[in-house]
Amino acid sequence: MSDHDGTSFGLPPAEQLKSDRVWDSYFLPSYKDFEGDMKRSQRAIEIGNIEKLCYFAHVGIGTTTDAAFEKSRQENPDSVSAPLKRWPDKLLGMINLNTNDVSTSLDALNRWIRDGQMLGVYFAGGGPGSLPCTHKNFDPLIERIAELKAVIMQHTWHVTGGKTSPGHSLPSELAEVAARFPKQQFICAHAGGEWEKGIRAVRDSPNILVETSGFDATAGFIEMAVRELGPERIVFGSHLPSRSLGTELGKIVGASLPDESRKLILGGNYRRLLRRE
Amino acid sequence: MKFCHEEIGQATRGMMKRRTLIQSAIATGTVATLSPSAWANETELDIIDTNVSLFRWPFRRLPLDETELLVTKLRSLGITAAFAGSFEGILQRDISSLNNRLASECADFTQLIPIGSINPNLHGWEDDLKQCVGDHDMRGIRLHPNYHGYELDNPRFVKLLNLVADAKLFVQIAAVIEDVRTQPDQLRVADVDLTPLIENHVGRIQILNWRPRGKLVEALAGIPNIHFDVSRVDQTDGVAALLKTIPESRIMFGTHAPFLIPEASLIRVHESDLPASSLSLLMNKNAKNFLTG
């Protein structure tokens, strides 16, 4: 079933998506069933013509509440990068850090980024490894990440009514941190969720880009982000499989954008950050 | 003026010509040919969107909040008919006026089927319903219980369901309009608690914008006259999973446009890789059946 402007069920033609070179900066397969979630996401990956997807590995340093899993990771560290070996042409990886354990996290940076294949760091918004990004524990970690020229994805949500967990970070807090590390590139995951406030909070921080997933496909988001930040500061994320290609790719392909801006958002900016152009 | 079941029945019997035209067009898949505004030659696809709204969202301008832009976008996506409520019905209290505007606007875009707003917490709401039926020949009404401040076990809500059923209209209940996490600080409303529908479910009812979860969806799945839309059903396999829980004859396509980007819901359906028979029900036939009762 296709309609009259060349799209199919809201999707642009496959040739256009291939030409756009879609790279997903926010892929969320469960650590408990990575293989299953890869299968579950397969159709979305195919019809979205997603070239690459970046997941966030737990590396056995206390970033989950699953003691058995943490122990397993420590005893079998090769399992951390097993997905990269299983899907070498499809996956990219970053690592979760435990901001409550700076020393171990610094070791993990060396092991998995300096000496491994991981490209950056994910700071979560909840769980045992998370703290607000303004906490002093972040400073030595960010300094080392900057030395390694790696990317930081910081979970953010501006929730109406206030923070929802002790490790919750706001876009405005990320802006504070980014001002202290002007040479480091940060990605503000979910554009702060409540994006009208999130975009404003990071607008004056040129070293912050916003990531597009994690909230309903609310109309006007991309248009405001492009207007306030420029298309160079927006990166696509799918949040698959716990959200849908419809919600997340729909935000980009449904927005009124010049082709070049769409290409930057869907992959060009992320490749630039990862130095993969 | 008092408004009783008999009066609604009389109004229903006095249907305006427009309803007959729309009903006939929906049944035959020729809605586009009725339009005065360039919807000709659009019969290849016949997607019915059960969930759009006209006019201004109160808290920001939306890219498609002009009706002409919205219907042009819908047409480009193959959507040939849409149940259109009004954003004005969420906060405004002059219900008669806003329903007049909705009916007038839809008269210019025949592919839009006007769905009136009713607030049973306002004095004289029965007259508003009578106006929807008698003056505007509407096929259904849309409720916003969380914005209007009542629960679904409220006697006025139950009375409303009965009156609407007697008039052979349907009821759409907007369980959510906006994620509670992104609402304005000073105007926060929780999602509608749908639990009382297990007991109170007279007539044709469609729940809009709900993200089904937990035991409640299983309970509602067992009630044949309660229907659903897919506008906020998320997860990559969310629509397919919903079809395993709820009989497929009771799930209808909806976009929640222009608040949400209409492509999102379409892509999500595509992503679910449904068999053709299920797709036909979801995108078209269920809405036709719901509309015609």
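Structural data are supplied above this passage.
Residues numbered from 1 in each chain as written. Chains lettered and ligands numbered in written order. Predicted model: local features only at pLDDT ≥ 70, side-chain atom pairs only at ≥ 80, totals over all residues.

Digging into the sheet that holds strand E2 (residues 79–86) of chain B
Residues and elements named next belong to chain B.
Part 1 of the reasoning: One open sheet holds the eight strands; their spatial order is E1-E2-E3-E4-E5-E6-E7-E8, and the pairing between them is parallel. Each end of this open sheet is capped by a strand with a single partner; those strands are strand E1 (47–54) and strand E8 (251–252).
Part 2 of the reasoning: Contacts between helix H6 (residues 95–107) and the sheet are confined to E1, E2 and strand E3 (112–117), with E3 contributing the most and set at about 180° to the helix. (Pairing = 2+ DSSP bridges. Helix = DSSP H or I, 4+ residues; strand = E, 2+ residues; numbered from the N terminus. Contact = placed C-beta atoms within 7 Å. Axes fitted to C-alpha atoms, helices over the stretch in contact; angles between N-to-C directions.)

Some thoughts on the nonpolar core
Part 1 of the reasoning: Counting residues in each nonpolar core, the largest one holds 161 residues, and the members touching the most others are Ile95 and Cys188 of chain A together with Ile141 of chain B.
Part 2 of the reasoning: Counting residues per element, this core draws most heavily on helix H13 (residues 276–292) of chain B, which supplies seven residues.
Part 3 of the reasoning: Those residues within four positions of isoleucine 141 of chain B in sequence are excluded, and the remaining contacts are Ile115, Gly116, Ser117, Ile118, Leu129, Cys132, Val164, Leu169 and Val171 of chain B. (Core = buried A, V, L, I, M, F, W, Y, C linked by C-beta atoms within 7 Å. Buried ≥ 20, exposed ≤ 12 C-beta atoms within 10 Å, placed from the backbone.)

Describing unusual backbone geometry
Part 1 of the reasoning: Look at the link from leucine 240 of chain A to proline 241 of chain A: it is a cis peptide, with omega at 0°.
Part 2 of the reasoning: Omega for the peptide link from alanine 257 of chain B to proline 258 of chain B comes to 5°, which places this bond in the cis form.
Part 3 of the reasoning: Relative to the elements of secondary structure, proline 258 of chain B occurs in the loop between E8 and helix H12 (262–271).
Part 4 of the reasoning: At phenylalanine 55 of chain B, a position not held by glycine, the phi torsion is positive, near 75°.
Part 5 of the reasoning: Residue position: phenylalanine 55 of chain B is located in the loop between E1 and helix H4 (67–76).
Part 6 of the reasoning: Among the residues examined, phenylalanine 55 of chain B registers 20 C-beta atoms within 10 Å and is labelled buried.

Concerning the interface of chain B and chain A
Part 1 of the reasoning: Opposite the 36 residues of chain B that make contact, chain A presents 39 residues.
Part 2 of the reasoning: Looking at the side of chain B that touches chain A, the element that brings in the most residues is H12 of chain B, giving 10 residues.
Part 3 of the reasoning: Of the residues that constitute the side of chain B that touches chain A, the class distribution is 15 nonpolar, nine polar and 12 charged. (Nonpolar A, V, L, I, M, F, W, Y, C, P; charged D, E, K, R; others polar.)

Side note on the environment of alanine 190 of chain B
All names here are of chain B.
Part 1 of the reasoning: If you trace the backbone, alanine 190 turns up in the loop between strand E5 (170–174) and strand E6 (204–208).
Part 2 of the reasoning: You can call alanine 190 exposed: it has 9 C-beta atoms within 10 Å.
Part 3 of the reasoning: Through-space distance from the C-alpha of alanine 190 to that of alanine 167 is 30 Å; in sequence the pair is 23 residues apart.
Part 4 of the reasoning: Apart from the residues lying within four places of it in its own chain, the contact partners of alanine 190 are Asn146 and Val180.

A few points about the packing of helix H5 (residues 102–114) of chain A against helix H6 (residues 138–147) of chain A
All names here are of chain A.
Part 1 of the reasoning: Running from N to C, H5 and H6 cross one another at 10°; their axes reach a closest spacing of 10 Å. In this view, H5 runs roughly parallel relative to H6, as classed from their interaxial angle. Contacts between H5 and H6 pair Val102, Ser105, Leu106 and Leu109 from the former with Pro140, Leu141, Arg144 and Ile145 from the latter.
Part 2 of the reasoning: Here the contact of H5 with H6 is built from residues that sort into six nonpolar, one polar and one charged. (Parallel < 35°, antiparallel > 145°, perpendicular 65-115°, else oblique.)

Focus: the sheet that holds strand E2 (residues 50–57) of chain A
Residue and element names in this part refer to chain A.
Part 1 of the reasoning: Across the sheet, eight strands lie side by side as E1-E2-E3-E4-E5-E6-E7-E8; this open sheet has parallel pairing. At either end of the open sheet lies a strand with only one pairing partner, and these are strand E1 (22–24) and strand E8 (234–235).
Part 2 of the reasoning: By the bridge criterion, two bridges tie strand E7 (residues 208–211) to E8 in an arrangement that is parallel. Across the sheet, the residue bridging to glutamate 211 is valine 235, located in E8.
Part 3 of the reasoning: The strands touched by helix H7 (residues 171–180) within the sheet are strand E5 (151–155), strand E6 (186–189) and E7, with E6 carrying the most contacts at an inclination of about 175°.

Topic: the pairing of E7 of chain A
Residue and element names in this part refer to chain A.
Part 1 of the reasoning: Covered by surrounding structure in E7 are Ile208 and Val210 together with Leu209 and Glu211, the residues of both alternating faces.
Part 2 of the reasoning: Here E6 runs beside E7; their pairing, made up of three bridges, is parallel. Paired with cysteine 188 across the two strands is valine 210, which belongs to E7.
Part 3 of the reasoning: For the segment spanning E6, helix H8 (residues 195–202) and E7, crossover handedness is right-handed.
Part 4 of the reasoning: Read as a crossover between parallel neighbours, the route from E7 over helix H9 (residues 221–229) to E8 is right-handed. (Right-handed = clockwise from strand over helix to strand, strands pointing away.)

What about H13 of chain B?
Residue and element names in this part refer to chain B.
Part 1 of the reasoning: Taking 1.5 Å of rise per residue, the 17 residues of H13 would be expected to cover 24 Å, and the 23 Å separating its terminal C-alpha atoms lies within 8% of that figure.
Part 2 of the reasoning: The largest bend along H13 measures about 50° and falls at leucine 282.
Part 3 of the reasoning: Buried within H13 we find Leu279, Leu281, Leu282, Met283, Asn284, Asn286, Ala287, Phe290 and Leu291.
Part 4 of the reasoning: Positioned one or two residues after H13, glycine 293 has a phi angle of 75°, which is positive. (Expected span 1.5 Å × (residues − 1). Bend = angle between axes of the 7 residues up to and from the residue.)

Keep in mind these numbers describe shape, not what the thing actually does.
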